[in-house]
Amino acid sequence: MNLRDSLLAVLVALLWGLNFVAIDLGLHAGGHDFPPLLFVAMRFVLVVFPWIFFIRKPDVGWKAILGVGLFMSAGQFGLLYLAMALGMPAGLASLVLQAQVLLTVLLAAGFLGERPSRRQLAGVVLGVAGLTVVAAGRSAVAPLLPLVIVLAAALSWAAGNVLARKAKAASGLGLVVWSGAVVPLPLGALSVLVDGPDTVWQSLATLQMPTVLSALYTAIFASLVGYGIWNRLLASHPSSAVVPFTLLVPVVGMSAAWLVLAEVPSATELAGGLLLLGGVATAVITGTGGPRQRRGAEPLPGRGAGLGAGDADDDGRLAAADVPRAGAREADVR
């Protein structure tokens, strides 16, 4: 990539890394805990409206839109926000969520017929070792439940990657916006059931400005701007040149959480995090080989919307799993 596009990729990593601190500030604004599922619903109202009236529906079936919306958006961010509301540190969440890269490799092998290379399998093993170390370090200072929920969010994101890759939408941003329409009503209703109508009404009636600004940042900058740039880069360059920039996301996330929220990870968590990032790097930075498809599997198209789990590089070999964030992931959800 040229210098301009490399700087744009760094900008996306910066936007997605800061996303986690923005979520944390919005969830705990003014000393009040905003209901996490309601917060996700509010975020996706801003992702969808008014943009859905100006962005054409992607050329995929409604089943694909529903699946991507449920897994990549509702599942990923509903679980992520819940984990952070339960005490998962923002910086550590930005790190653990990158497990979705490794999970995407495994799910793509099972459902898309993409046989992972030995390099990718080594990355998965290294990443699992890193997660084990992180879990050990986390269990020494805090309950493991939030960590497990973030891993579930990573699995949901990985499933969304595979569904989006299978759908082969030409417009990645269109898929983000239209699939995002699946989120607000179900998660809003679930928040009413879980938190109670009184809590939901009181939270909306006493909405804090940091929560509003957080929702605007995550919707506009992390989701729409971040994905808009990301998908254009993936349309112009091999995924193997673009995807490694996502390794900067947890670096930005953990640094911002340290500076803004005074979050200092333990030595064990840092060691596990380095192992995890090493596994992700091994999986996404391709060499001369690539994962092979099963015999009879449908060939996968090259560099598309950037929402999938295995775009082809320039010479036709499959590159490593594509990693949209959050918004993506957030769909960032990043």
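Residues numbered from 1 in each chain as written. Predicted model: local features only at pLDDT ≥ 70, side-chain atom pairs only at ≥ 80, totals over all residues. Heavy atoms only, no water.

Asker: What should I look at first to understand the nonpolar core in this one?
Answerer: Side chains of nonpolar character tend, in soluble globular proteins, to be buried together. Counting 83 residues, the largest nonpolar core has Leu80, Tyr81, Met84, Met88, Val96 and Leu97 as the members making the most contacts within it. With sequence-adjacent residues up to four places away left out, Val96 is seen in contact with Met88, Leu131, Val134, Leu147, Val150, Leu151, Ala154 and Leu276. One finds Leu107, Leu112, Ala158 and Val162 within the second-largest nonpolar core, a separate group that totals six residues. (Core = buried A, V, L, I, M, F, W, Y, C linked by side-chain atoms within 4.5 Å. Buried < 20%, exposed > 50% of the residue type's maximum accessible area, 1.4 Å probe, protein only. Contact = heavy atoms within 4.5 Å.)

Asker: How should I be thinking about the packing of helix α2 (residues 36-48) against helix α3 (residues 62-85) in this particular structure?
Answerer: Each pair of packed helices can be described by the angle between their axes along with the distance between the axes. The interhelical angle for the contact between α2 and α3, taken along N-to-C directions, is 135°, at an axis separation of 8 Å. Classified by the angle their axes make, α2 and α3 are oblique. As α2 packs across α3, the resulting crossing turns out to be right-handed. Where α2 abuts α3, its residues Pro36, Leu37, Phe39, Val40, Arg43 and Phe44 lie against Ser73, Phe77, Gly78, Tyr81, Leu82 and Ala85. Across the contact of α2 with α3, the residue classes break down as nine nonpolar, two polar and one charged. (Axes fitted to C-alpha atoms, helices over the stretch in contact; angles between N-to-C directions. Helix = DSSP H or I, 4+ residues; strand = E, 2+ residues; numbered from the N terminus. Parallel < 35°, antiparallel > 145°, perpendicular 65-115°, else oblique. Left-handed = near helix turned anticlockwise from the far one by under 90°. Nonpolar A, V, L, I, M, F, W, Y, C, P; charged D, E, K, R; others polar.)

Asker: Would you mind going over helix α6 (residues 118-139) with me for this structure?
Answerer: Note: α-helices contain 3.6 residues per turn, so residues at a spacing of three or four share the same orientation. Taking 1.5 Å as the rise per residue, α6 with 22 residues should run 32 Å; its terminal C-alpha atoms sit 32 Å apart, in good agreement. Where α6 is concerned, the buried positions are Gln120, Gly123, Val124, Gly127, Gly130, Leu131, Val134, Gly137 and Arg138. Looking down the long axis of α6, one finds its buried residues gathered within 150° of arc, a one-sided arrangement. The outward face of α6, more than 90 degrees from its buried face, is lined by the exposed residues Arg118 and Val125. Contact partners of the buried residues in α6: α4 (90-96), α5 (99-111), α7 (145-167) and α14 (267-284). (Expected span 1.5 Å × (residues − 1). Arc of directions from axis to C-beta.)

Asker: Is there a simple way to think about the confidence of the model for the protein chain in this case?
Answerer: Averaged over every residue, the pLDDT of the protein chain is 84; residues scoring 70 or more account for 84%. For the stretch residues 288-334, pLDDT sits under 50, and the model shows 213 contacts to residues farther than four places along the chain or on other chains. (pLDDT = per-residue confidence, 0-100.)

Asker: Can you help me understand the packing of α3 against helix α8 (residues 172-180) in this one?
Answerer: Running from N to C, α3 and α8 cross one another at 80°; their axes reach a closest spacing of 8 Å. When the axis of α3 is compared with that of α8, the two are roughly perpendicular. Seen from α3, the contacting residues are Trp62, Ile65, Val68, Gly69 and Ser73; seen from α8, they are Leu175, Trp178 and Ser179. Residue composition of the contact of α3 with α8, by class: five nonpolar, three polar and no charged.

Asker: Please clarify how the environment of Leu190 should be interpreted in this entry.
Answerer: Among the structural elements, Leu190 can be located in helix α9 (residues 184-195). We classify Leu190 as partly exposed; its relative accessible area is 37%. Distance from Leu190 to Leu37, taken between C-alpha atoms, is 7.3 Å for residues 153 residues apart in sequence.

Asker: Any chance you could explain the packing of aromatic side chains here in plain terms?
Answerer: The description of an aromatic ring pair rests on the distance of the ring centres and on the angle between the ring planes. With the rule as written, the count across this model stands at eight aromatic pairs. For the pair Phe39 and Tyr81, a centre-to-centre distance of 5.4 Å together with 70° between the ring planes defines the contact as edge-to-face. Placement of the pair is Phe39 in helix α2 and Tyr81 in helix α3, with a sequence separation of 42 residues. Linked through ring pairs, Trp16, Tyr227 and Trp230 together constitute an aromatic cluster. Looking at Arg43, its charged tip hangs above the ring of Phe77, at a distance of 4.3 Å from the centre. The ring of Trp62 carries the charged tip of Lys57 above its face, separated from the ring centre by 4.9 Å. (Phe/Tyr/Trp six-rings, centres within 6.5 Å; stacked < 30°, edge-to-face > 60°. Lys NZ or Arg CZ within 6 Å of the ring centre and 35° of its normal.)

Asker: Help me understand the side chain of Ser179 in this model?
Answerer: With respect to the helices and strands, the residue Ser179 is situated in helix α8. With residues up to four places along the chain from it excluded, the contact list for Ser179 reads Ile65, Val68, Gly69 and Ser73.

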